[in-house]
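Single-letter residue listing:
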Amino acid sequence: MASTTSITDRPAILGGDPAITLSHDDACRWPILTAEDEEAVLRTMRTGQLGVSDETAALEADFREWTGRKYAVAHCNGTAGIFGAMHAFGIESGDEVIVPSATWWSSVMPILHFGGIPVFAELEGDSLGLDPEDIERKITDRTKAIVVVHLFGMPSKMDEIMELADRYDLRILEDASHAHGAMYKGRMIGTMTEAAVFSMQGNKLLPTAEGGVFLTDDEEMYEAVLRLGHYERLLDLESMNKYLAATGLGYKFRMSPLSAAIGRVQLRHLAERNAIRNANCIELGRHLETLGMQAFLAPEGIERTYFEYLVRYDEAATGLPIDDFTRALQAEGAQLSAPRYPLLHQMPVFTHGLWKQITRLPDDGDLREYDENDLPGTTEGNGTLIKLPAFPNEDQGLIEQYKTAFSKVFAHADELPRGEA
């Protein structure tokens, strides 16, 4: 059902009828859990394998087949997978790891527990990934690795970042937690670097209850991940790591088999569900770009996904401050918000020095200090982003109503109130 509202209608914030009248409930319902998921969980429960399980091993096999990677290790969550990656990279006291600030804390905080020092770099404006030029500016003789986050499902500029890593002998972790099924120039996200981690937390594109998967083609890295958090699997190894089977290194990171059961079902439906979500977001995004907004549509050779749907508003297009612009759209019935992630370099754990307690590094006066005024480009850019629904289900006219709502606000921008609560 298409909207019958015209852009010539009076904006809702000025007393007109809202453009968006359809319910968001069905269009935005996520995760999609069906009888197939229920049966998978019940089947797993009936085996009695609620710790070490054939179901978890089967999920790992599914990921190996899907990605073509040699090794896959299921974890209790993506955070645990990143812990494993930092151990496999050999991060030690004083090592620097270049990271983004606009990401969930799991991309960064595990570094501290190995004595590593996060070095925040600017984002670039095309894909919201790490800016390769700023990465190079931040490299020192203590830099050991880079964490690349494909933020909200848009692949980062991997050619440039991988070239830097090769030139400076750095390791790259792909945090692919937002980008299940995304492609970069013919290669699947999560397969281009030494190691990758996918999160499968409940609102991800591939949701379980909680879960994550570590991927690599390197046997030593695979065994290091087992050594850190999967002691029960060490006896099967031929290397000296098998002698750590009684203790591991003190962590237990294995995934619940019930989560694995859901994950296997969700993986089977990932491509079709991504296609629906992508089509909805692209349709609205193309319209928004005709109005002067940046919708982060994928460039040629890139296939993005839409874990979340962020667009950029340029105040110069209307003269209307972003808060007033957003308020007018909300009056039309649009569900909008600011980006979900606070910038990490501005968080108290860094600006108040609490990170030093986690790393247990000696405070010899040579440690990095974090300033909330760092990364001016990232900070300014973050303030221009607006989060929309990702419309993961079949559209029943809601996209058309969103198009009309944005068009109305742009068409009447000069008349809209400014600075009102």
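Placed above this text is the structure.
Report follows, based on the coordinates. (Residues numbered from 1 in each chain as written. Predicted model: local features only at pLDDT ≥ 70, side-chain atom pairs only at ≥ 80, totals over all residues. Heavy atoms only, no water.)

Relative to the helices and strands, Gly90 is located in the loop between helix H3 (78-88) and strand E2 (96-100). Classification of Gly90 by relative accessible area gives partly exposed; the value is 25%. For the pair Gly90 and Ala145, spaced 55 residues apart in the sequence, the C-alpha separation amounts to 9.8 Å. Leaving out residues up to four positions away in the same chain, Gly90 has contacts with Asp95 and Lys144. (Helix = DSSP H or I, 4+ residues; strand = E, 2+ residues; numbered from the N terminus. Buried < 20%, exposed > 50% of the residue type's maximum accessible area, 1.4 Å probe, protein only. Contact = heavy atoms within 4.5 Å.)

A separate point is the sheet that holds strand E3 (residues 117-121). Within the open sheet, the seven strands sit side by side as E1-E9-E8-E5-E4-E2-E3. Their pairing is mixed. The outermost strands of the open sheet, each flanked by one partner alone, are strand E1 (71-75) and E3. With direction set aside, neighbouring strand axes in the sheet form an average angle of 20°. Examined bridge by bridge, strand E5 (residues 171-175) and strand E8 (residues 195-199) share three bridges and lie parallel to one another. Within E8, the residue paired with Glu174 across the bridge is Ala196. Together, E1, E8 and strand E9 (212-216) form the strand contacts of helix H2 (residues 54-67), whose direction differs from that of E1 by roughly 135°. (Pairing = 2+ DSSP bridges. Axes fitted to C-alpha atoms, helices over the stretch in contact; angles between N-to-C directions.)

Let's shift gears to the packing of helix H9 (residues 322-331) against helix H13 (residues 398-411). Between H9 and H13, whose axes approach to 10 Å, the crossing angle comes to 135°. Compared by their axis directions, H9 and H13 come out oblique. For the crossing formed where H9 meets H13, the hand is right-handed. Residues Phe325, Ala328 and Leu329 of H9 lie in contact with H13, whose contacting residues are Ala405, Phe406, Val409 and Phe410. Split by residue class, the contact of H9 with H13 holds seven nonpolar, no polar and no charged. (Parallel < 35°, antiparallel > 145°, perpendicular 65-115°, else oblique. Left-handed = near helix turned anticlockwise from the far one by under 90°. Nonpolar A, V, L, I, M, F, W, Y, C, P; charged D, E, K, R; others polar.)

Right, let's get into the packing of aromatic side chains. Applying the stated criterion to the full structure yields 20 aromatic pairs. Three or more aromatic residues joined by ring pairs form one cluster here, namely Phe83, Phe114, Tyr251 and Phe253. Arg277 extends its terminal NZ or CZ atom over the ring of Trp30, reaching a point 4.4 Å from the ring centre. The aromatic ring of Tyr306 is capped on one face by Arg304, whose charged end is 3.8 Å from the ring centroid. (Phe/Tyr/Trp six-rings, centres within 6.5 Å; stacked < 30°, edge-to-face > 60°. Lys NZ or Arg CZ within 6 Å of the ring centre and 35° of its normal.)

It is worth spelling out unusual backbone geometry at this point. Cis rather than trans, the peptide bond between Trp30 and Pro31 has omega equal to 0°. With respect to the helices, strands and loops of the structure, Pro31 is situated in the segment before helix H1 (35-47). You will see that Phe296, though not glycine, has its phi angle at about 55°, which is positive. Position of Phe296 among the secondary structure elements: in the loop between helix H8 (257-291) and strand E10 (302-303). For Arg360, which is not a glycine, the phi torsion comes out positive at approximately 60°. Tracing the sequence through the fold places Arg360 in the loop between helix H11 (355-359) and helix H12 (376-382). Judged by its relative accessible area of 60%, Arg360 is exposed.

In this section: the pattern of salt bridges. This structure, assessed with the given rule, holds 26 salt bridges. As a salt-bridge pair, Lys138 and Asp134 come within 3.0 Å of each other at their nearest N and O atoms. Here the residue Lys138 and the residue Asp134 both occupy positions in helix H5 (residues 132-138), the gap between them amounting to four residues, near one helical turn. Taking relative accessible area as the criterion, Asp134 reaches 4% and is therefore assigned buried. Here the salt bridges do not stand alone but share partners, grouping Arg43, Glu55, Asp62 and Arg264 into one network. (Salt bridge = Lys/Arg side-chain N within 4 Å of Asp/Glu carboxyl O.)

Attention shifts here to the side chain of His178. You can see His178 is positioned in the loop between E5 and strand E6 (183-184). Assessed through its relative accessible area of 5%, His178 is described here as buried. Within the structure, His178 has its side chain in polar contact with the backbone nitrogen of Phe152 (distance 2.8 Å). One polar contact links His178 to Tyr341, side chain to side chain, over a distance of 3.0 Å. Setting aside anything within four residues of it in sequence, one finds His178 in contact with His150, Leu151, Phe152, Gly153, Lys204, Leu205, Thr305, Phe307 and Tyr341. (Polar contact = N/O pair within 3.5 Å; in protein donor to acceptor, adjacent residues only side chain to side chain.)

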